[in-house]
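Coordinates in review
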Amino acid sequence: MVPCVKKNNLTIFEPNDTTFQLAKKLSCSVFYATILETKGIGVQTPLQDALTWNKPVLSDLLDRLCLGKQTLQAAEVIKNVPAGAKVVVYGDYDVDGISATSVAMDLMLFRGASVRFYIPHRFRQGYGFHDDVAREIAKLDCDLVIVVDCGTQDYDAINVLRSANIPVVVFDHHLVEGNTANANAIVNPQIDGDDCAKKLCATSVIWAWIWQTNLLPKAKLLEIIDVVALAT
């Protein structure tokens, strides 16, 4: 079966006077100027902004990214975890979940924590953070649980940990319907991030969050950017 896109489902852009003005301003082709206009960049756009789109700089993109209001709150929780603390990272079973788990583990190992991870069984447990697993984690007497690629609305599981006085930080990217779980901090752009951040996978969310909060050296983060690409 061949998919079909009807013309009335497309937005058609055609060069006009402003397109030619933009091409002259940037010394680029009319075709490229038309592409820029599809991205909201016009002749009134400051020259530097237009040039930045043409030659993006990773650090600039990450610094402008808004991951949500609890970014600093999550950083404070992580910073308060002492060296040697027991940390459990819970991630989903897919590529994004496993990649995000590895990034979270890298972060906590670098900060001197003792880290274990848990990946749910795809068929027996399925997606999400489950309260039966949370009860098992609570028995470990750990100092922090980091939940990646799920957790935003896993109320029961997170309540189990909070009742055991175990801090929980969530890094997620899934859509949110209704209230969020009672974690110490939730970094999920779908809650209150910007449009660019809402397009990120969970691995990108935690990686970009680490970049913004300087919890790992930039050189270390760039060493694992291939994992972010894999998850994406």
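Positions within a chain are numbered from 1, following the residues in the order the chain's sequence is written. Where local features are concerned, this predicted model is filtered to residues with pLDDT of at least 70; where side-chain atom pairs are given and counted, the filter is 80 or more; whole-chain, interface and lining totals use all residues. Side-chain descriptors were evaluated using all non-hydrogen atoms of the structure, hydrogens and water having been removed beforehand.

**Focus: the packing of helix α7 (residues 131–138) against helix α8 (residues 155–163)**
α8 packs onto α7 with a crossing angle of 15 degrees between their chain directions and a minimal axis gap of 8 Å. The orientation of α7 relative to α8 falls into the category roughly parallel. As for how α7 packs across α8, the hand of that crossing is right-handed. Here Asp 131, Ala 134, Arg 135, Ile 137 and Ala 138 of α7 lie close against α8, whose contacting residues are Asp 156, Ala 157, Val 160 and Leu 161. Classes in brief: Ala, Val, Leu, Ile, Met, Phe, Trp, Tyr, Cys and Pro nonpolar; Asp, Glu, Lys and Arg charged; the others, Gly included, polar. In terms of residue class, the contact of α7 with α8 is built from six nonpolar, no polar and three charged. Orientation is described by lines fitted to C-alpha atoms, with helices fitted over the stretch in contact, and by angles between N-to-C directions that extend from 0 to 180 degrees. Only runs of H or I of at least four residues qualify as helices and only runs of E of at least two qualify as strands under DSSP, and these elements are numbered from the N terminus. Between 65 and 115 degrees an angle is taken as roughly perpendicular, under 35 as roughly parallel, over 145 as roughly antiparallel, and anywhere else as oblique. Each crossing is labelled by how the near helix is turned from the far one, with a counterclockwise turn of less than a right angle marking it left-handed and a clockwise turn marking it right-handed. Any pair of residues with heavy atoms lying within 4.5 Å of one another is described as a contacting pair.

**Section: the pattern of salt bridges**
By convention in these notes, a salt bridge is any Lys or Arg side-chain nitrogen within 4 Å of a carboxyl oxygen on Asp or Glu. The final tally for this structure, using the stated rule, is two salt bridges. Of the charged contacts in the structure, one is a salt bridge between Arg 135 and Asp 131, with a shortest N-O distance of 3.8 Å. On the criterion of helical spacing, the pair formed by Arg 135 and Asp 131 is a turn pair, its members being four residues apart in helix α7. Relative accessible area serves as the criterion here: at 42%, Arg 135 is assigned to the partly exposed category. Linking Lys 139 and Glu 136 is a salt bridge whose minimum nitrogen-to-oxygen distance equals 3.2 Å. Partly exposed describes any residue whose relative accessible area lies between the buried limit of under 20% and the exposed limit of over 50%, with all areas from a 1.4 Å probe on protein chains only and scaled to the type maximum.

**Observations regarding unusual backbone geometry**
Residue Ser 27 is not a glycine yet carries a positive backbone phi of 55 degrees. The phi dihedral of Asn 214 is positive, around 55 degrees, even though this residue is not glycine. For Asn 214, the position within the fold is in the loop between α10 (202–213) and α11 (218–223). Among the residues examined, Asn 214 registers a relative accessible area of 54% and is labelled exposed.

**Observations concerning the sheet that holds strand β1 (residues 86–91)**
Here, strands pair whenever DSSP counts at least two bridges between them. Spatial ordering of the open sheet is given by β2-β1-β3-β4-β5, a layout of five strands whose pairing is parallel. Both edges of this open sheet fall to β2 (114–118) and β5 (185–187), since each of them pairs with a single strand only. On average, each strand axis in the sheet is inclined to that of its neighbour by 15 degrees, with strand direction left out of account. Here β1 pairs with β2 via five bridges, running parallel. Looking at the pairing, Val 88 lines up with Arg 116 of β2. Together, β3 (144–148), β4 (168–171) and β5 form the strand contacts of helix α5 (residues 71–79), whose direction differs from that of β5 by roughly 125 degrees.

**Structural notes on the packing of aromatic side chains**
Two measures describe an aromatic ring pair: the distance that separates the ring centres and the angle between the ring planes. Working definition: a ring pair exists when centres of Phe, Tyr or Trp rings (six-membered ring for Trp) sit within 6.5 Å. Plane angles under 30 degrees give stacked, over 60 give edge-to-face, the rest tilted. In the structure shown here, the tally under the stated rule is four aromatic pairs. Measuring from centroid to centroid gives 5.7 Å for Tyr 90 and Tyr 118, while their planes differ by 10 degrees, and the two rings are stacked. Taken together, the residues span a long stretch of sequence, with Tyr 90 in strand β1 and Tyr 118 in strand β2 at a distance of 28 residues. Overall, Tyr 90 belongs to the buried group, its relative accessible area being 0%. On the basis of relative accessibility, which here comes to 29%, the residue Tyr 118 falls in the partly exposed class. Measuring from centroid to centroid gives 4.4 Å for Tyr 90 and Phe 129, while their planes differ by 50 degrees, and the two rings are tilted. Of this pair, Tyr 90 sits in strand β1 while Phe 129 sits in the loop between β2 and α7, and the two are 39 residues apart along the sequence. Geometrically, a charge over a ring is one whose NZ (Lys) or CZ (Arg) sits within 6 Å of the ring centre while staying within 35 degrees of the ring normal. Sitting above the plane of the Trp 211 ring, Lys 218 keeps its charged end 5.0 Å from the centroid.

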